[in-house]
Amino acid sequence: MKMKKRIKYVAKEIINRLGYFIKIVDWNKKESLRAQIKMELKRILSNTIGKKAEWKDIERIAGRIDEQIELLYAA
């Protein structure tokens, strides 16, 4: 799978699996939901990237995506 297609796939998976949670989270109070979102991000990335990346890289990428989600929805 080419990189561009993989990125699109990951973005769609995030929206499909997390769209509801991302919109309802009170980003200042709900740490448990934020943790669930971050774990699901790691699962999606792990399933998509697989053995091509180490776990620390997956955690780093998930952290960046989490930051972007917070910037978009924590207004």
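Residues numbered from 1 in each chain as written. Predicted model: local features only at pLDDT ≥ 70, side-chain atom pairs only at ≥ 80, totals over all residues. Heavy atoms only, no water.

A. Looking closely at a positive patch on the surface. A cluster of basic side chains, namely Lys-2, Lys-4, Lys-5, Lys-8 and Lys-12, defines a positive patch on the protein surface. Of note, Lys-5 is situated in helix H1 (residues 3-24). (Patch = residues over 30% accessible without salt bridge, like charges linked within 9 Å, V, L, I, M, F, W, Y side chains within 5 Å. Areas by Shrake-Rupley, 256 points an atom, 1.4 Å probe, with all protein chains shown as cover. Salt bridge = Lys/Arg side-chain N within 4 Å of Asp/Glu carboxyl O. Lys, Arg positive; Asp, Glu negative; His and termini not counted. Charge placed at Lys NZ, Arg CZ, Asp CG, Glu CD. Helix = DSSP H or I, 4+ residues; strand = E, 2+ residues; numbered from the N terminus.)

B. Broad picture of helix H2 (residues 31-49). For H2, built from 19 residues, the straight-helix expectation of 27 Å at 1.5 Å per residue is met to within 8% by its first-to-last C-alpha distance of 26 Å. Among the residues of H2, those classed as buried are Leu-33, Arg-34, Ile-37, Glu-40, Leu-41, Lys-42, Ile-44, Leu-45, Thr-48 and Ile-49. Following H2 by one or two positions, Gly-50 has its phi on the positive side, about 65 degrees. (Expected span 1.5 Å × (residues − 1). Buried < 20%, exposed > 50% of the residue type's maximum accessible area, 1.4 Å probe, protein only.)

C. View of the environment of Arg-6. Tracing the backbone through its elements, the reader meets Arg-6 in helix H1. Judged by its relative accessible area of 12%, Arg-6 is buried.

D. Broad picture of helix H3 (residues 55-73). Taking 1.5 Å per residue, 19 residues should reach 27 Å; H3 reaches 26 Å between its end C-alpha atoms and fits that length. Looking at H3, one finds that the buried residues are Ile-58, Ala-62, Gly-63, Asp-66 and Ile-69. Taken down its axis, H3 places every buried residue within 140 degrees of arc, on the same side. For H3, the exposed residues lying more than 90 degrees away from the buried face are Lys-56, Arg-64, Glu-67, Leu-71 and Leu-72. (Arc of directions from axis to C-beta.)

E. Expanded view of the nonpolar core. Grouped together as the largest cluster of nonpolar side chains are eleven residues: Val-10, Ile-14, Leu-18, Ile-37, Leu-41, Ile-44, Leu-45, Ile-49, Ile-58, Ala-62 and Ile-69. Secondary-structure elements contributing two or more residues to this core are H1, H2 and H3. Examining the composition of this core, we find that five residues originate from one element, H2, more than from any other. Excluding residues within four positions of it along the chain, Leu-41 makes contact with Ile-14, Leu-18, Ala-62, Ile-65, Asp-66 and Ile-69. (Core = buried A, V, L, I, M, F, W, Y, C linked by side-chain atoms within 4.5 Å. Contact = heavy atoms within 4.5 Å.)

F. Representation of the confidence of the model for the protein chain in the model. Residue-level pLDDT values for the protein chain average 79, and 84% of them are 70 or greater. For the protein chain, H1 is the element with the lowest average pLDDT, namely 78, and H3 is the one with the highest, namely 84. (pLDDT = per-residue confidence, 0-100.)

G. Main features of the environment of Arg-34. Take Arg-34: it is sitting in helix H2. In this structure Arg-34 comes out as buried when scored by relative accessible area, which is 16%. Placed 36 residues apart in sequence, Arg-34 and Glu-70 show a C-alpha to C-alpha distance of 9.4 Å.

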